[in-house]
Amino acid sequence: MTTDDELRAIHEQNRRSWNAVTPAHNSHKLDQAGFLRRGGSTLFPDELELLGEVAGRRLLHLQCNCGQDSLSLAALGADVLGVDISDAAIVTAQALSAESGIAARFERADVLDWLDAAAADGRRFDRVFSSYGTIGWLADLPRWARGVAGVLAEGGELTLMEFHPLCWSFDGEGKVVEPYFIEGPIPERGGVNDYVARSEGVLSPSGHAPGVEGFVNPEPAFGFQHTVADIVQALADAGLFIRRLVERPYSNGCLLFPGMEPLPDRRFGMPKGVPAMPLMLGVVATRR
Ligand SMILES: C[S@@+](CC[C@H](N)C(=O)[O-])C[C@H]1O[C@@H](n2cnc3c(N)ncnc32)[C@H](O)[C@@H]1O
């Protein structure tokens, strides 16, 4: 169990680690503003299918990072607000919005605090979206789920597209070497890493540059393992109705461990010859 003070200290440390790595991530992505301006999108079909129609919807993008997905959603006609704890990410997202000419708003905050305050202020959204490496940074998932329920308009939906919690158990050859059930906080060896460089261009649809080489993060970071049951139970306890629950045998965009097999469409699968395992999880939860 993490106390409020511990939670705040851990999230603030993660903020420093994300601030340190963000310039390295962006150094590998060529002309992102031009890519978005010309109609490029960083979204994958998996989340688009779960999100459904977004045009004209008030869309809250939690842990939006540098806003590439937020702006891709805004380009589809959504009225987007992105929230992220990292100063570097929010400054980059605001610049990318201005340079691409795609309107969206961005606010810097810890999502747990932000959701509590927004719910109390009566801010409401038709869609809440969170994807790919987000909830694993949060020390209190039940509080996150209550916060999401608190800002959803009647009939509004949360779409969560995440790496499957099982994927952190595999070594480079796809053998299970880490327990699925782990109490956090879990120290990330070497802080938030340069996964954009490791993913070999798959996370740089605008074009890949060598950029910063051999990035070493001076700031440690801490993650949390939320099992499938933790996620579903937190949403159900928050009063949300689980409308869709999907698992996928590939990972979109991210080389989760070294031996993964590159697949078409910017995906990675389990290493060749290893049986298929769930590598992504998608949830759609509705406020009725
Ligand atoms: C892997 S990135 C998410 C990428 C995202 N899918 C996108 O659209 O690019 C994780 C993000 O979570 C943010 N983050 C971590 N802890 C947070 C917290 N407590 N509150 C808000 N954002 C947080 C980090 O700053 C980082 O930008």
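All chains use their own residue numbering, which begins from 1 and follows the written sequence. Given that this is a predicted model, residues contribute local features only at a pLDDT of at least 70 and side-chain atom pairs are listed and counted only at 80 or more, while totals for whole chains, interfaces and linings are drawn from all residues.

## Regarding the overall build of the protein chain
A helix here means a DSSP run of H or I that spans at least four residues, while a strand means a run of E at least two residues long, and both kinds are numbered starting from the N terminus. Counting its regular elements, the protein chain contains 9 helices and 12 strands. The C-alpha radius of gyration of the protein chain comes to 18 Å, within 12% of the 19 Å expected for a compact globule of 288 residues. Expressed along its principal axes, the backbone C-alpha trace of the protein chain runs to roughly 45 × 45 × 35 Å. For the protein chain, long-range pairs separated by at least 24 residues make up 78% of all intrachain contacts whose partners lie at least 6 apart in sequence. In this description the radius of gyration comes from C-alpha coordinates, and the expected globular size is given by 2.2 Å times residues to the power 0.38. C-beta atoms are placed from the backbone for every residue, and two residues are taken to be in contact when these atoms lie within 7 Å.

## Overview of the site of the ligand
In this analysis a residue is considered near a molecule or strand if the C-beta atom, reconstructed from its backbone, is found within 6 Å of that molecule or strand. As a structural note, the neighbourhood of the ligand is formed by 20 residues, with Gln 63, Asn 65, Ile 85, Ser 86 and Gly 133 the closest of them. Of all the secondary-structure elements, those providing two or more residues to the shell around the ligand are helix H1 (4-27) and helix H4 (68-75). The biggest single contributor to the shell around the ligand is H1, with 3 residues.

## Concerning the nonpolar core
To define a nonpolar core, we join buried Ala, Val, Leu, Ile, Met, Phe, Trp, Tyr and Cys residues through C-beta atoms within 7 Å and take the resulting set. Remark: C-beta atoms are placed from the backbone, and a residue is labelled buried if 20 or more other C-beta atoms sit within 10 Å of its own, exposed if 12 or fewer do, or partly exposed between those counts. By size, the foremost hydrophobic cluster in this structure holds 75 residues, and its most contacted members are Val 128 and Val 148. Per-element tally for this core: the top contributor is helix H7 (residues 141-151), with 6 residues. In this structure, Val 128 is in contact with Leu 60, Leu 62, Val 148, Val 151, Leu 152 and Leu 158, ignoring residues within four places of it in sequence. Membership of the second largest hydrophobic core comes to 5 residues, among which are Phe 170, Met 260, Phe 268 and Met 270.

## Considering the sheet that holds strand S1 (residues 58-62)
Two strands are counted as paired when DSSP detects at least two bridges linking them. Strand order in the open sheet made by the 7 strands is S3-S2-S1-S4-S5-S12-S8, with mixed pairing throughout. Unpaired on one side and paired on the other, strand S3 (105-108) and strand S8 (241-248) mark the two borders of the sheet. Looking at each pair of strands side by side, their axes are set apart by 15 degrees on average, direction ignored. By the bridge criterion, 7 bridges tie S8 to strand S12 (residues 280-286) in an arrangement that is antiparallel. Counterpart to Leu 245 in the pairing with S12 is Val 283. A fitted line through C-alpha atoms represents every axis, and for helices the fit uses only the stretch in contact; the resulting angles, taken between N-to-C directions, go from 0 to 180 degrees.

## Some thoughts on helix H5 (residues 87-100)
Helix length check: H5, at 14 residues, gives a terminal C-alpha distance of 20 Å against a target of 20 Å (1.5 Å per residue), a fit within 8%. What H5 keeps buried is the set Ala 88, Ala 89, Ile 90, Thr 92, Ala 93, Leu 96, Ser 97 and Ser 100. In this structure, the buried side of H5 is in contact with H1, helix H2 (32-37), H4, strand S2 (79-84) and S3. Where H5 ends, the next residue or the one after it, Gly 101, has phi of about 75 degrees, a positive value. Multiply 1.5 Å by the residue count of a helix minus one, and that product is the helix's expected span.

## Re the pairing of S3
Two faces, one strand: in a regular strand the side chains alternate between the faces of the sheet. One ladder, built from 4 bridges, connects S2 with S3; its direction is parallel. Across the sheet, the residue bridging to Val 83 is Glu 107, located in S3. As a crossover connection, the stretch from S2 through H5 into S3 is right-handed. By convention, a crossover is right-handed whenever its connection, traced from the first strand over the helix to the second and viewed with the strands pointing away, goes clockwise.

## Points about the packing of H7 against helix H9 (residues 228-237)
The N-to-C vectors of H7 and H9 enclose an angle of 45 degrees; their axes lie 8 Å apart at closest approach. The angle between the axes of H7 and H9 places the two elements in the oblique class. Along this stretch, H7 crosses H9, giving a crossing that reads as right-handed. Two secondary-structure elements touch here, H7 through Leu 141, Pro 142 and Ala 145 and H9 through Asp 230, Ile 231, Ala 234, Leu 235 and Asp 237. Taken together, the residues of the contact of H7 with H9 sort by class into 6 nonpolar, no polar and 2 charged. Here the word oblique covers every angle except those under 35 degrees (roughly parallel), over 145 (roughly antiparallel) and from 65 to 115 (roughly perpendicular). Here a crossing is called left-handed whenever its near helix is offset anticlockwise from the far helix by less than a right angle, and right-handed whenever the offset is clockwise. Amino acid classes used here: Ala, Val, Leu, Ile, Met, Phe, Trp, Tyr, Cys and Pro are nonpolar; Asp, Glu, Lys and Arg are charged; the rest, including Gly, are polar.

## A few points about the confidence of the model for the protein chain
Confidence of the predictor at the level of single residues is given by pLDDT, which spans 0 to 100. Of all residues in the protein chain, 100% attain a pLDDT of 70 or more, and the chain-wide mean is 96. Looking at the elements of the protein chain, mean pLDDT is at its lowest for helix H8 (residues 195-198), recorded as 90, and at its highest for S1, recorded as 99.

## A look at the sheet that holds strand S11 (residues 267-269)
Pairing within the open sheet is antiparallel, and its 3 strands lie in the order S9-S11-S10. Single-partner strands in this sheet number two, and they are strand S9 (250-252) and strand S10 (261-263). Sheet twist, expressed as the mean angle between neighbouring strand axes with direction ignored, is 35 degrees. Bridge analysis of S10 against S11 gives 3 bridges, and the strand direction is antiparallel.

## Observations regarding unusual backbone geometry
Following Gly 184, the chain continues into Pro 185 via a peptide bond in cis, with omega recorded as -5 degrees. Along the chain, Pro 185 falls in the loop between strand S5 (152-163) and strand S6 (186-188). Despite not being glycine, Asn 65 shows a phi value in the positive range, around 55 degrees. Structurally, Asn 65 can be placed in the loop between S1 and H4. Phi is positive for Tyr 132, which is not a glycine, with a value near 50 degrees. Here Tyr 132 is to be found in the loop between strand S4 (125-131) and H7. By C-beta crowding, Tyr 132 is classed as buried, having 20 other C-beta atoms within 10 Å.

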